[in-house]
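Per-entry structural report
Each chain, written out:
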Amino acid sequence: MFWQFFQDALFAAIAAIGFAAISRPPRRAYLFCAVIAAAGHSVRFMLMHSAGGGWHIVPATAAASVVIGILAVLVSPKTKVPAEAYLYPALLPMIPGVYAYRTFGALVMCLYNGGEASFSHYFYLFASNGLTCFFILLVMVVGATVPIFMMKKISFQATRHNSSL
Amino acid sequence: MAKMTDSAGGCVFRPSAKDLCAFLSDYAGWLFSCGATCVRLEKNVGRIASAAGLRADLSIFPRHLHITVSDSCRSFLFTAVSSIHDCPVNFAMNTRLSKLSWDIADGNVDFVCARRELEEITTAPAGDNGRLPLMVACANGAFCRLFGGDAVAMAVVFVATFAGFIIKQVMGERRVDQRVTVVVCSFVSSVLAAADGLFALGSTPSIAIGTSVLYLVPGIPFINSFCDVVDRHYICAFGRLMNALVITACLSAGLCGGMVMMNVGMF
């Protein structure tokens, strides 16, 4: 379990650094992107694998996204980088890629299979995966951006040269 | 060049309203283009205008910005329109532009210096592109692992992403339409990732092919569109969301084309 937890944090950090590079943040931001992504993904992992069956992926993602949003806002004045620069790379490892892939696949299979039974089966897969994918995305974005608006003073003074924050 | 300073030692930021309007129009156009949210745009522009003792009002549209500069009693008004630049998201630029607004507000730069600084920020080279494909390929490989892919799937995704991202860079340099670029890159990456299943290399071929195109997901427009909704910039939010959805549709079309060509089933 510990090894899985460690792997999860490590690969989330690697993914965050690589994807952060696409949006060209300042160099000093890379390390924090990795740490925030690892922390967020670890929170989700722990919640989903906690004793008593674990949380469903949607609330676990919401909690992890709030953690990511809060950390991004708190770190941004220290590094003088806007909090948004940390959000995307840190959230990306939680993007429901497999659900999105299955949703798309099921939609294509619906079109290919005209029979009622197989169409119903693939439509069920489409709706089930699509809804999960949609709600994961929704709570990810809501959870991560709400702290920016809750802590506006910190968020929008992050780049100030002589900020006292 | 000597800076103009006031009696307290701070720099004097007192451009004419017309000059300020032109400056803010450029500033806002670049800030929006590099991936800033509407709330940041309004705050930064308002901060600069306040430093000059004026007020600025913005209308933010998906492709253009209207800015009006006036004094507090509206005895004069100047309006400028700027187009959004077609440049990739750049948080280093976003950071420097935000810092410039605070430097102006805190009296650290005068108008001439601010103009020069803006010019320098917007013409600075975007950075080293050489290592980018390698970094993105490593990231997508790690991503594959997070979704439960095995070592072979990770290696296949690494190669597929590396090739796709280099094509993306080459097409970007040649100014090919972003949507066409995404279709082509998605197609190439999915065809390469299909090797995992076709040659029975690993045990998680569907994860490899599903992950191989995720580096093309327009995450920042999705996140920014939600931020704009929270701040009630609905038109801009809708514009960003539509842009992100069109890119996602292009990504899906390329993926589908690759899978049909390689005769790979999804279930």
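1. Focus: the environment of Val152(B)
Residue and element names in this part refer to chain B. One can find Val152 in helix H6 (residues 151-173). C-alpha of Val152 to C-alpha of Arg115: the two residues are 37 residues apart in sequence and 53 Å apart in space. The contacts of Val152, once residues within four sequence positions are left out, are Asp196, Leu201 and Gly202.

2. Some details on the interface of chain A and chain B
With 53 residues of chain A at the interface, the matching set in chain B holds 53 residues. It is Arg24(A), Tyr101(A) and Phe156(A) in chain A that bury the most area against chain B; as a group they hold 18% of the surface buried on that side. Along the contact surface separating chain A from chain B lie one salt bridge. Linking Glu84(A) and Arg40(B) is a salt bridge whose minimum nitrogen-to-oxygen distance equals 2.9 Å. For the pair chain A and chain B, the number of links is five residue pairs in polar contact (both at pLDDT 80 or more). Taken together, the elements giving at least two residues each to the side of chain A that touches chain B come down to helix H1 (2-22), helix H2 (30-48), helix H4 (84-91), helix H5 (97-112), helix H6 (116-150) and helix H7 (152-155) of chain A. The dominant element in the side of chain A that touches chain B, judged by the number of residues it contributes, is H1(A), at 11 residues.

3. Considerations on the pairing of strand E2 (residues 64-70) of chain B
All names here are of chain B. Taking burial as the measure, the seven residues of E2 include five buried ones, the bulk of the element. As paired strands, strand E1 (residues 55-60) and E2 are joined by six bridges and run antiparallel to one another. Residue pairing in the sheet places Ile60 in a bridge with Leu65 of E2. As consecutive antiparallel partners, E1 and E2 are separated by three residues. By the bridge criterion, seven bridges tie E2 to strand E3 (residues 77-83) in an arrangement that is antiparallel. Looking across to E3, one finds that Ile67 is bridged to Ala80. A loop of six residues connects E2 with E3, the two strands running antiparallel in sequence, and Arg74 in this loop sits at a positive phi of about 55°.

4. Observations concerning the packing of H5(A) against helix H11 (residues 234-261) of chain B
The angle between the axes and the distance between the axes are what describe a pair of packed helices. For the pair H5(A) and H11(B), interaxial distance at closest approach is 12 Å and the crossing angle is 65°. Seen along the crossing, H5(A) lies across H11(B) with a hand that is right-handed. Seen from H5(A), the contacting residues are Tyr101(A), Phe104(A) and Val108(A); seen from H11(B), they are Ser252(B), Leu255(B), Cys256(B) and Met259(B).

5. A look at the environment of Gly210(B)
Residues and elements named next belong to chain B. With respect to the helices and strands, Gly210 occurs in helix H9 (residues 205-211). Among the residues examined, Gly210 registers a relative accessible area of 9% and is labelled buried. Taking the C-alpha atoms as reference points, Gly210 and Met154, 56 residues apart in sequence, are found 12 Å from one another.

6. Focus: the nonpolar core
In a soluble, globular protein the nonpolar side chains are often hidden away together inside. Of all hydrophobic cores here, the largest spans 82 residues; its most connected members are Phe19(A), Tyr86(A) and Phe143(B). By residue number, the principal contributor to this core is helix H3 (residues 57-79) of chain A, which donates eight residues. Apart from the residues within four sequence positions on either side, Tyr86(A) is in contact with Ala29(A), Phe32(A), Cys33(A), Ile36(A), Ala72(A), Val75(A), Ser76(A), Thr79(A) and Val81(A).

7. Some words on the domain arrangement of chain B
Residue and element names in this part refer to chain B. Taken domain by domain, chain B holds domain 1 (17-123) and domain 2 (132-261). For domain 1 versus domain 2, the separation of C-alpha centres amounts to 33 Å. Buried surface at the junction of domain 1 and domain 2, both sides included, amounts to about 900 Å², of which 67% is carbon and sulfur. On the domain 1 side of the interface with domain 2, the three residues burying the most area are Thr37, Cys38 and Pro62, jointly 40% of the side's total. At the surface where domain 1 touches domain 2, the tally comes to zero salt bridges. Taken together, the connections running from domain 1 to domain 2 amount to four residue pairs in polar contact (both at pLDDT 80 or more). Residues of the side of domain 1 that touches domain 2, tallied by class, amount to eight nonpolar, two polar and two charged.

Definitions and cut-offs
- Residues numbered from 1 in each chain as written.
- Chains lettered and ligands numbered in written order.
- Predicted model: local features only at pLDDT ≥ 70, side-chain atom pairs only at ≥ 80, totals over all residues.
- Heavy atoms only, no water.
- Helix = DSSP H or I, 4+ residues; strand = E, 2+ residues; numbered from the N terminus.
- Contact = heavy atoms within 4.5 Å.
- Buried area = accessible area lost by both parts, 1.4 Å probe.
- Salt bridge = Lys/Arg side-chain N within 4 Å of Asp/Glu carboxyl O.
- Polar contact = N/O pair within 3.5 Å; in protein donor to acceptor, adjacent residues only side chain to side chain.
- Buried < 20%, exposed > 50% of the residue type's maximum accessible area, 1.4 Å probe, protein only.
- Pairing = 2+ DSSP bridges.
- Axes fitted to C-alpha atoms, helices over the stretch in contact; angles between N-to-C directions.
- Left-handed = near helix turned anticlockwise from the far one by under 90°.
- Core = buried A, V, L, I, M, F, W, Y, C linked by side-chain atoms within 4.5 Å.
- Domains from an automatic or database assignment.
- Nonpolar A, V, L, I, M, F, W, Y, C, P; charged D, E, K, R; others polar.

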